[in-house]
Amino acid sequence: GQSVNLAVGTVTATAPCAAGAFSTTMDLSSLADGALTLNANLSDLATNAAPTQSVSLTKDIAAPTATLSGVPASPSLATTLNISVGGTGVTAYRYKVGASSGTVCTNAAGYSAETPVATPITDNISGVADGSVTVCVVGRDAAGNYQSFTPATSAAWTKDTGITPFSGLAVTPA
């Protein structure tokens with residue numbers, strides 16, 4: 001029968017063709033992310049070549065890295081967050097925020113549902129005790145590649161909403 005010769009960059013394959021249909025798998029792992037072209041060539045049994053057919057593809061397996069802005073200064077009186085998430089190629093993200101002692105960024109448990117990058121983190125953290133607070137974020141790109149939890153993007157600050165009592169004040173009349 002007929003065979004289809006396929007090429008994507010330096011990766012080639014040949015697939016049998018029957019009734020105008022073929023199927024094969026090509027390992028493109030050796031090729032860099034970016035724009036690729038799949039070229040297909042078919043010849044009939046008399047070796048008459050059909051015009052080459054080409055299809056443009058985009059290979060994207062690289063995960064993005066989220067960036068954060070608007071993280072509270074340390075120390076901070078803030079009990080409502082307004083943290084923006086961005087980063088090259090980041091279109092959505094998942095996050096978690098809490099007391100640093102119990103918020104482990106490398107643990108997938110406790111992260112939010114996916115949130116569009118245009119939506120900032122606006123959690124009310126008044127229920128988090130004063131002390132060190134951590135926010136953890138993993139970004140996702142348009143191809144669906146998620147940033148690894150190791151390392152997630154994170155930021156920490158000291159929440160201090162209380163007035164520190166003091167004693168020992170003495171007034172000496174002049």
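The structure this text deals with has already been given above.
Summary of the structure given here.

Quick notes on the rules
Residues numbered from 1 in each chain as written. Predicted model: local features only at pLDDT ≥ 70, side-chain atom pairs only at ≥ 80, totals over all residues. Heavy atoms only, no water. Salt bridge = Lys/Arg side-chain N within 4 Å of Asp/Glu carboxyl O. Helix = DSSP H or I, 4+ residues; strand = E, 2+ residues; numbered from the N terminus. Buried < 20%, exposed > 50% of the residue type's maximum accessible area, 1.4 Å probe, protein only. Polar contact = N/O pair within 3.5 Å; in protein donor to acceptor, adjacent residues only side chain to side chain. Contact = heavy atoms within 4.5 Å. Pairing = 2+ DSSP bridges. Core = buried A, V, L, I, M, F, W, Y, C linked by side-chain atoms within 4.5 Å.

### Details of the pattern of salt bridges
- Going through the model one piece at a time under the given rule, you end up with one salt bridge.
- Between Arg140 and Glu114 there is a salt bridge, with the nearest N and O atoms lying 2.8 Å from each other. Here Arg140, found in strand S9 (residues 131-140), pairs with Glu114, found in the loop between strand S7 (92-99) and strand S8 (115-116); they are 26 residues apart in sequence, far enough to count as distant.
- Overall, the relative accessible area of 16% leaves Arg140 in the buried class.
- Exposure remark for Glu114: the relative accessible area of 43% places this residue in the partly exposed category.

### Considering the side chain of Arg140
- Within the local environment of Arg140, its side chain forms a polar contact with the side chain of Glu114, the two groups lying 2.8 Å apart.
- Every residue in contact with Arg140, bar those within four places of it in the chain, is listed here: Pro64, Gly89, Val90, Thr91, Ala92, Glu114, Asn145 and Tyr146.

### Concerning the sheet that holds S7
- Taken in spatial order, the four strands line up as S8-S7-S9-S10 in an open sheet, and their pairing is antiparallel. Strands at the two margins of the open sheet, each flanked by one partner only, are S8 and strand S10 (153-159).
- Pairing between S7 and S8: two bridges, direction antiparallel. Across the sheet, Tyr93 pairs through a bridge with Thr115, a residue of S8.

### Describing the nonpolar core
- Ile121, Val135, Val137 and Trp157 are the most contacted members of the largest nonpolar core, which totals 14 residues.
- Looking at this core, the elements with two or more residues in it are S7, S9 and S10.
- Residue contributions to this core peak at three residues, all from S9.

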